[in-house]
Amino acid sequence: MRTSTLIIRTPEGIVFTQVLAGPVTRFLAWLVDVALIMTLVIGLNFVFLLLAWISPDLAQAMNLLGYFLVSIGYGIYCEWNWRGQTVGKRFLRLRVVDAEGLKLQFNQIVTRNLLRFVDSLPLLYLVGGVTCWFSPKCQRLGDIAANTVVIRTPKVSEPDLDQLLSGKYNSLRAYPHLAARLRQRVDPTEAAIALQAVLRRDTFEPAARLELFAELAAHFKAKAEFPPDATDGLADEQFLRNLVDVIYRARPEPKPEAVVV
């Protein structure tokens, strides 16, 4: 039976859920993308009209090639550079992710976009829509082949960060440009995993807790390289708590007022 929620369990015992996007929402996002693709194709057609004076057959061949490259390349380019989103998906707050909660790979994006022609048969994504409707994870054929799903990304409410940090100094905030780069490079799924790990840290066994936070800290430190002053001597768990604060609370900390004596 088709479900609207994807449940992912990590090897470290963290369970988190993602709301799956249904066929209707995905179709609306596709319409937005189609409008942009047709705009680009029409622009190319005007360029290729010049070739018709030289060779009509060459112009027709270039038109077909241009349509293929734009229609396929648009999805690949956007989903890779925008971490699983196109303009239509971003407008409707949708995102392509790996079905197992892993990092989305380039070959997965290529596979799902190459199979769009099959999903779009015979008209208006009929094959893809029917497959998505009956799929347990709301997947079209391209998603099944690439092992991807499309999820909804509602605006996340800010957690009680003051309680998480317990008044401790956040060394990452001393480097606002690196903190901004970190927010840009961490996708919502990764942020949710970090938040759940911090919230549930007391429920893990001591050995598993150390291993989990060591792996997560190493993963997120690779996203943005902070100077040694910001991370040296900082426990992996505290680094994750600081990271959650930076990601979910973009506001800079107020500077202390100068005291005149």
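Each remark here, short or long, concerns the structure printed above.
Every value quoted in this text rests on a predicted model; they were computed, and no experiment measured them.

## A short note on the overall build of the protein chain
The secondary structure content of the protein chain amounts to 13 helices and four strands. Across the 261 residues that make up the protein chain, the buried fraction comes to 42%. For the protein chain, restricting intrachain contacts to residue pairs at least 6 apart in sequence, the fraction spanning at least 24 positions comes to 70%. A total of about 15,200 Å² of accessible surface is found on the protein chain, and carbon and sulfur atoms cover 64% of it.

## Remarks on the pairing of strand 4 (residues 148-152)
Counting buried positions along strand 4 gives four out of five residues, so the element sits mostly inside the fold. When strand 3 (residues 94-98) meets strand 4, the two strands line up antiparallel, connected through five bridges. Of the residues in strand 4, the one forming a bridge with V97 is V149.

## Comments concerning the nonpolar core
With 28 residues, the main nonpolar core has L182, L216, F220, F226, F239, L240 and L243 as its most contacted residues. Those elements that place two or more of their residues in this core are helix 9 (176-185), helix 10 (188-199), helix 11 (206-221) and helix 13 (236-248). The element best represented in this core is helix 13, accounting for seven residues. Non-local contacts of F226, meaning those with residues more than four positions away in its chain, are made with L172, Y175, L178, A179, L182 and T231.

## Topic: unusual backbone geometry
It is generally the case that most residues other than glycine have a negative phi and that most peptide bonds are trans. Cis geometry marks the peptide bond from L121 to P122; its omega dihedral reads -15 degrees. Structurally, the position occupied by P122 is in the loop between helix 5 (116-119) and helix 6 (126-134). At L124, a position not held by glycine, the phi torsion is positive, near 55 degrees. Within the secondary structure layout, L124 lies in the loop between helix 5 and helix 6. Judged by its relative accessible area of 53%, L124 is exposed. Positive phi outside glycine occurs at N147, with the angle close to 60 degrees. Within the secondary structure, N147 sits in the loop between helix 7 (141-146) and strand 4.

## A word on the pairing of strand 3
Buried residues dominate strand 3, accounting for five of its five residues. Burial along strand 3 is two-sided: L94, V96 and D98 facing one way and R95 and V97 facing the other are all buried.

## Details of the packing of helix 11 against helix 13
Between helix 11 and helix 13, whose axes approach to 8 Å, the crossing angle comes to 50 degrees. Relative to helix 13, the element helix 11 lies oblique. When you trace helix 11 past helix 13, the crossing you get is left-handed. Residues R209, F213, A214, L216, A217, F220 and K221 of helix 11 pack against D236, E237, F239, L240 and L243 of helix 13. Classifying every residue of the contact of helix 11 with helix 13 gives eight nonpolar, no polar and four charged.

## What about the packing of helix 9 against helix 13?
The description of two packed helices rests on the angle between their axes and on the distance between the axes. Packing of helix 9 against helix 13 leaves a shortest axis separation of 9 Å and a crossing angle of 80 degrees. By the angle class used here, helix 9 and helix 13 are roughly perpendicular. On the side of helix 9, the interface is formed by A179, L182 and R183, while helix 13 contributes L243, V246 and I247. Classifying every residue of the contact of helix 9 with helix 13 by side-chain character gives five nonpolar, no polar and one charged.

## Let's talk about a nonpolar patch on the surface
Nonpolar side chains collect at one region of the surface, where M38, I42, F46, L49, L65, Y67, F68, L69, L114 and F117 lie side by side and expose about 940 Å² of accessible area between them. Those elements that place two or more of their residues in the nonpolar patch are helix 1 (23-52) and helix 2 (56-81). Along the chain, F117 falls in helix 5. On the basis of relative accessibility, which here comes to 35%, the residue F117 falls in the partly exposed class.

The rules behind these values
- Residues numbered from 1 in each chain as written.
- Predicted model: local features only at pLDDT ≥ 70, side-chain atom pairs only at ≥ 80, totals over all residues.
- Heavy atoms only, no water.
- Helix = DSSP H or I, 4+ residues; strand = E, 2+ residues; numbered from the N terminus.
- Buried < 20%, exposed > 50% of the residue type's maximum accessible area, 1.4 Å probe, protein only.
- Contact = heavy atoms within 4.5 Å.
- Areas by Shrake-Rupley, 256 points an atom, 1.4 Å probe, with all protein chains shown as cover.
- Pairing = 2+ DSSP bridges.
- Core = buried A, V, L, I, M, F, W, Y, C linked by side-chain atoms within 4.5 Å.
- Axes fitted to C-alpha atoms, helices over the stretch in contact; angles between N-to-C directions.
- Parallel < 35°, antiparallel > 145°, perpendicular 65-115°, else oblique.
- Left-handed = near helix turned anticlockwise from the far one by under 90°.
- Nonpolar A, V, L, I, M, F, W, Y, C, P; charged D, E, K, R; others polar.
- Patch = residues over 30% accessible without salt bridge, like charges linked within 9 Å, V, L, I, M, F, W, Y side chains within 5 Å.
- Salt bridge = Lys/Arg side-chain N within 4 Å of Asp/Glu carboxyl O.

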